[in-house]
Amino acid sequence: MSEVHVEVDGRTLRLSNLEKVLYPSTGTTKGEVLHYYAQVAPALLPHLAGRCVTRIRWPHGVQDGSFFEKNVPARTPSWVRTAEVPTTGSRAGADASGTLVFPVVDDLATLTWLVNLAALELHVHQWLVSDEGEPLGPDRVVIDLDPGEPAGLHECARVALLVRESLAGRRLACSPVLSGSKGIHLYAGLDRSASGLDSDATTALAKEVAEELQREHGDLVTATMTKSRRSGKVFLDWSQNSGSKTTVSPYSLRGRERPTVAAPVTWAEVEAGAEDPLALEQLDPETVLARLDEHGDLFDPWGG
């Protein structure tokens, strides 16, 4: 097993198997994945900071099995920040006391350590934790637009415009993020000190929007989770606002056949995609890094 020792933010990390191919269709290696995350870190880390991170790991590459990991793994370095979160005990990974101990990724060293464990996807909750690791309320609402075949990204773009209008009627701006998979994620920022909304309330809000659009645009939109009823429609997944649910972070890689990224885009790009089925597509790491160099971080759920 090949390995190198590198210093990151004053921490010495052991990186192993850099030549291992994690995306066989493109030959993308673990070393290249680590390089992407190091380059994108200035944009990614603010989206992870203060949030518990659930990882999806592909130890042998995306052609093989993966697994979700919530708790910090054995032999986690003592310098990794963690948060102990109460749970009912029924969620995967909860210990006997009914708690989960998540990593909180506030720095490049922690990010590099996790990615070295083949954590290709980084998922976060819509709520934050305090400096002391105590769970706080949500600071945003997310609606996941998930197309049912033969619907695709074009239909998601059309529905995204409807969601934007619906949220604007509730005095909420939102920001679009290509999921890196099939659809689009829409984030609306909340002022926690002013909104007073908890995860139950934000879930209810997202569900209200989804059901409203289902009534008004039933040929295109569904709020029903039953997969058999999604064919040709866009499912507005409101459930990811639940306190136990997570959404892939902006700028995270996805564990698809080819490396793609959950990438923020402009509303102008979404509008173009709603007009032309060929105008909008999921983005690869190289394109995302080039866009960051040119435009900076486009993610703005507060519409500022």
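Residues numbered from 1 in each chain as written. Predicted model: local features only at pLDDT ≥ 70, side-chain atom pairs only at ≥ 80, totals over all residues. Heavy atoms only, no water.

Participant: Quick question: what am I supposed to make of the sheet that holds strand β15 (residues 221-222) here?
Facilitator: In a beta sheet, neighbouring strands pair by backbone hydrogen bonds and run either parallel or antiparallel. Overall, mixed pairing links the 6 strands, which are arranged β15-β16-β12-β14-β13-β20 in an open sheet. Each end of this open sheet is capped by a strand with a single partner; those strands are β15 and β20 (263-264). Inspection of the sheet shows strand β12 (residues 140-147) paired to strand β14 (residues 184-189) by 6 bridges, in the antiparallel sense. Residue pairing in the sheet places Val141 in a bridge with Ala188 of β14. Those strands touched by helix α5 (residues 199-216) are β12, β15 and β16 (234-237), and its axis lies near 40 degrees from that of β12. (Pairing = 2+ DSSP bridges. Helix = DSSP H or I, 4+ residues; strand = E, 2+ residues; numbered from the N terminus. Contact = heavy atoms within 4.5 Å. Axes fitted to C-alpha atoms, helices over the stretch in contact; angles between N-to-C directions.)

Participant: What am I meant to see in the packing of helix α3 (residues 153-168) against α5 here?
Facilitator: The geometry of a pair of packed helices is captured by two quantities: the angle between their axes and the separation between those axes. At a closest axis distance of 10 Å, the pairing of α3 and α5 adopts a crossing angle of 120 degrees. The orientation of α3 with respect to α5, classified from their angle, is oblique. Crossing angle aside, the handedness with which α3 passes α5 is right-handed. Touching Leu162, Val163, Ser166 and Leu167 of α3 are Val209, Glu212 and Leu213, all from α5. Of the residues assigned to the contact of α3 with α5, the class counts are 5 nonpolar, 1 polar and 1 charged. (Parallel < 35°, antiparallel > 145°, perpendicular 65-115°, else oblique. Left-handed = near helix turned anticlockwise from the far one by under 90°. Nonpolar A, V, L, I, M, F, W, Y, C, P; charged D, E, K, R; others polar.)

Participant: Looking at this model, I keep getting lost on α5. Mind explaining?
Facilitator: Because each turn of an α-helix spans 3.6 residues, side chains separated by three or four positions end up pointing in the same direction. Its 18 residues place the ends of α5 26 Å apart at the C-alpha level, agreeing with the 26 Å of an ideal helix rising 1.5 Å per residue. Turning to α5, its buried residues are Ser199, Thr202, Thr203, Leu205, Ala206, Val209, Ala210, Glu212 and Leu213. Looking at the buried residues of α5, the elements they touch are β10 (127-129), β11 (135-138), β12, α3, β15 and β16. (Expected span 1.5 Å × (residues − 1). Buried < 20%, exposed > 50% of the residue type's maximum accessible area, 1.4 Å probe, protein only.)

Participant: Can you help me understand a negative patch on the surface in this one?
Facilitator: Taken together, the side chains of Glu84, Asp131, Glu132 and Glu134 define an acidic patch exposed on the protein surface. As for its placement among the helices and strands, Glu132 is situated in the loop between β10 and β11. Looking at Glu132, the relative accessible area reads 65%, which means it is exposed. (Patch = residues over 30% accessible without salt bridge, like charges linked within 9 Å, V, L, I, M, F, W, Y side chains within 5 Å. Areas by Shrake-Rupley, 256 points an atom, 1.4 Å probe, with all protein chains shown as cover. Salt bridge = Lys/Arg side-chain N within 4 Å of Asp/Glu carboxyl O. Lys, Arg positive; Asp, Glu negative; His and termini not counted. Charge placed at Lys NZ, Arg CZ, Asp CG, Glu CD.)

Participant: It is not clear to me how the sheet that holds strand β17 (residues 247-248) should be interpreted in this structure. Could you clarify?
Facilitator: Across the sheet, which stays open at both edges, the 4 strands sit in the order β6-β5-β9-β17 with antiparallel pairing between neighbours. The open sheet is flanked by β6 (67-69) and β17, the only strands paired with a single partner. Contacts between helix α1 (residues 30-48) and the sheet are confined to β5 (53-57) and β9 (119-124), with β9 contributing the most and set at about 5 degrees to the helix.

Participant: Explain empty space enclosed by the protein here, please?
Facilitator: The gaps left among the atoms become clear once a water-sized probe is rolled over them. Taken as a whole and judged by the stated rule, the model has 1 cavity of 30 Å³ or more. Its volume calculated, the largest cavity comes out at about 60 Å³. Lining of the largest cavity is provided by Tyr251, Ala263, Pro264, Leu283, Val288, Arg291, Leu292, Gly296 and Leu298. Mapped by element, the contributors of at least two residues to the lining of the largest cavity are β20 and α7 (285-295). For the lining of the largest cavity, the element with the highest residue contribution is α7, accounting for 3 residues. Here the lining of the largest cavity is built from residues that sort into 7 nonpolar, 1 polar and 1 charged. (1 Å grid on protein atoms, 1.4 Å probe; cavity = no way out; pocket = protein on both sides within 12 Å on 5 of 7 lines; lining within 4 Å. Points joined across faces, edges and corners; volume = space filled by probe spheres on them.)

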